Amino acid sequence: MSEQHSNHFKAWELALLCALCLTLCAALWAQEQSERISASLIRLHVLAVDDSAEEQALKLRVRDAVLDFLSPRLEGIESKAEAAELLSRSLPELQSAAAAAAGGRQVTVTLTREYYPTRTYGRISLPAGGYDSLRVVLGKGEGRNWWCVVFPPLCLSLESTEELEQDIGEESFQILSSDGTVLRFRLLELWGELTGKEG
């Protein structure tokens, strides 16, 4: 009787070990994909002063001003490095465009690295992780935020994903647009929270 109980216990241990191994493999796979994908993209992050309707509307006006400024300038840009160089060079002009749309509110525009949660845009999902980011902060930036992908320029046409596929490659694009991707990337997000590896 005790031997049979011992065998059941070993089977239970084996099942737990297999589950743990599968979870770790999924997390490592998602981590690798996340790093590869984030290396190809630049995100846009606009943060409002607070959550009031007025400040949220202002946030969207500032967003539109930034996108209007960037749209013609990003045409013909073929690599992330080129886009990052253009954004870095254009920071003073971006600051001016954002400040003009902000109607006197304090605005800070920087090119930085930020942690993003898993996010779905149209039919693609981007994994949680650290991304180069054009960050536009109104006041102290304590309100709800808005984000998208500024390179390739998916902010302007989230349904048009040909440029994204071209820039990150067919394999990465298939990962982003396949069923179950959000769950795998959410596992990575949870793994990052458990291990403290955000950003």
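Reference entry: report on the structure contained in this document. Nothing here was measured: the structure is a model prediction, and the numbers come from that model.

## Observations regarding the nonpolar core
Within the largest apolar cluster, 27 residues are counted, with the highest numbers of intra-cluster contacts made by Leu44, Val66, Leu70, Leu94, Leu134 and Val136. Those elements giving two or more residues to this core turn out to be strand E1 (42-47), helix H2 (53-74), helix H3 (80-89), helix H4 (91-102), strand E2 (107-116), strand E5 (129-138) and strand E6 (145-151). The biggest single contributor to this core is H2, with seven residues. Excluding anything up to four places from it in sequence, valine 136 contacts Leu44, His45, Val46, Leu47, Val62, Val66, Ala98, Val107, Thr108 and Val109. Judged by nonpolar contacts, the second largest core, of eight residues, contains Ile37, Leu126, Tyr131 and Val149.

## Thoughts on H2
The α-helix winds at 3.6 residues per turn, so residues separated by three or four positions along the chain end up facing the same way. For H2, which comprises 22 residues, the first-to-last C-alpha distance of 31 Å matches the rise-based estimate of 32 Å (1.5 Å per residue) to within 8%. Regarding H2, the residues found buried are Glu55, Gln56, Leu58, Lys59, Val62, Arg63, Ala65, Val66, Leu67, Phe69, Leu70 and Leu74. On the buried face of H2, the contacting elements are E1, H3, H4, E5 and E6.

## A short note on the packing of H2 against H4
H4 packs onto H2 with a crossing angle of 145° between their chain directions and a minimal axis gap of 8 Å. Handedness of the crossing formed by H2 with H4: right-handed. On H4, the residues that touch Leu58, Arg61, Val62, Ala65, Val66, Phe69 and Leu70 of H2 are Glu93, Leu94, Ala97, Ala98, Ala101 and Ala102.

## Quick look at the pattern of salt bridges
Once the charged atoms of two side chains with opposite charge are near each other, the side chains can pair. In this structure the tally under the stated criterion is eight salt bridges. Here arginine 144 ties to aspartate 51 by a salt bridge, and the two come within 3.9 Å at their closest N and O atoms. Of this pair, arginine 144 sits in the loop between E5 and E6 while aspartate 51 sits in the loop between E1 and H2, placing them 93 residues apart in sequence. Judged by relative accessible area, arginine 144 falls into the partly exposed class, the value being 48%. Under the relative-accessibility criterion, aspartate 51 is labelled partly exposed at 43%. Here lysine 80 makes a salt bridge to aspartate 132, at a shortest N to O gap of 2.7 Å. Taken together, the residues lysine 80 in helix H3 and aspartate 132 in strand E5 connect sequence positions 52 residues apart. We classify lysine 80 as buried; its relative accessible area is 16%.

## A word on a nonpolar patch on the surface
On the surface, a nonpolar cluster with roughly 300 Å² of combined accessible area is contributed by Leu14, Leu17 and Leu20. In this fold, leucine 17 is placed in helix H1 (residues 2-38).

## Quick word on the packing of aromatic side chains
Tallying each qualifying case throughout the model produces two aromatic pairs. Plain terms: the ring middles of tyrosine 116 and tryptophan 147 are 5.8 Å apart, the flat faces sit at 85° to each other, and that makes the pair edge-to-face. With tyrosine 116 in strand E2 and tryptophan 147 in strand E6, this residue pair connects regions lying 31 residues apart in the sequence. Among the residues examined, tryptophan 147 registers a relative accessible area of 15% and is labelled buried.

Criteria and thresholds
Throughout this description, residue numbers start from 1 for each chain and increase along the sequence as written. Only residues with pLDDT of 70 or above have their local features reported here, since the model is predicted, and side-chain atom pairs are shown and tallied only from 80 upward, although totals for entire chains, interfaces and linings are computed over all residues. Derived side-chain values reflect all non-hydrogen atoms in the structure, with water molecules and hydrogen atoms excluded from consideration. In this text, buried Ala, Val, Leu, Ile, Met, Phe, Trp, Tyr and Cys residues form a nonpolar core when linked through side-chain atoms within 4.5 Å. Three labels apply to residues, based on accessible area from a 1.4 Å probe with only protein chains included: buried if under 20% of the type maximum, exposed if over 50%, partly exposed otherwise in between. Secondary structure counts use DSSP, requiring at least four H or I residues in a row for a helix and at least two E residues in a row for a strand, with both numbered from the N terminus. Residue contacts are defined here by distance: any two heavy atoms, one from each residue, within 4.5 Å place the two residues in contact. Take the residue count of a helix, subtract one, and multiply by 1.5 Å to get its expected span. Only the stretch in contact is used when fitting a helix axis, every axis being a line fitted to C-alpha atoms; angles between N-to-C directions are given from 0 to 180 degrees. Rotating anticlockwise by less than a right angle from the far helix to the near helix defines a left-handed crossing, while the corresponding clockwise rotation defines a right-handed one. When a carboxyl oxygen of Asp or Glu lies within 4 Å of a side-chain nitrogen of Lys or Arg, that pair is called a salt bridge. Note that patches include only residues with greater than 30% relative accessible area and no salt bridge, and the join distances are 9 Å for like charges and 5 Å for nonpolar side chains (Val, Leu, Ile, Met, Phe, Trp, Tyr). To measure how exposed things are, a 1.4 Å probe is used in the Shrake-Rupley method; for residues, cover is taken only from the protein chains shown. Under the pairing criterion, centres of Phe, Tyr and Trp rings, with the six-membered ring standing for Trp, must be within 6.5 Å; the plane angle then separates stacked pairs below 30 degrees from edge-to-face pairs above 60, leaving the rest tilted.

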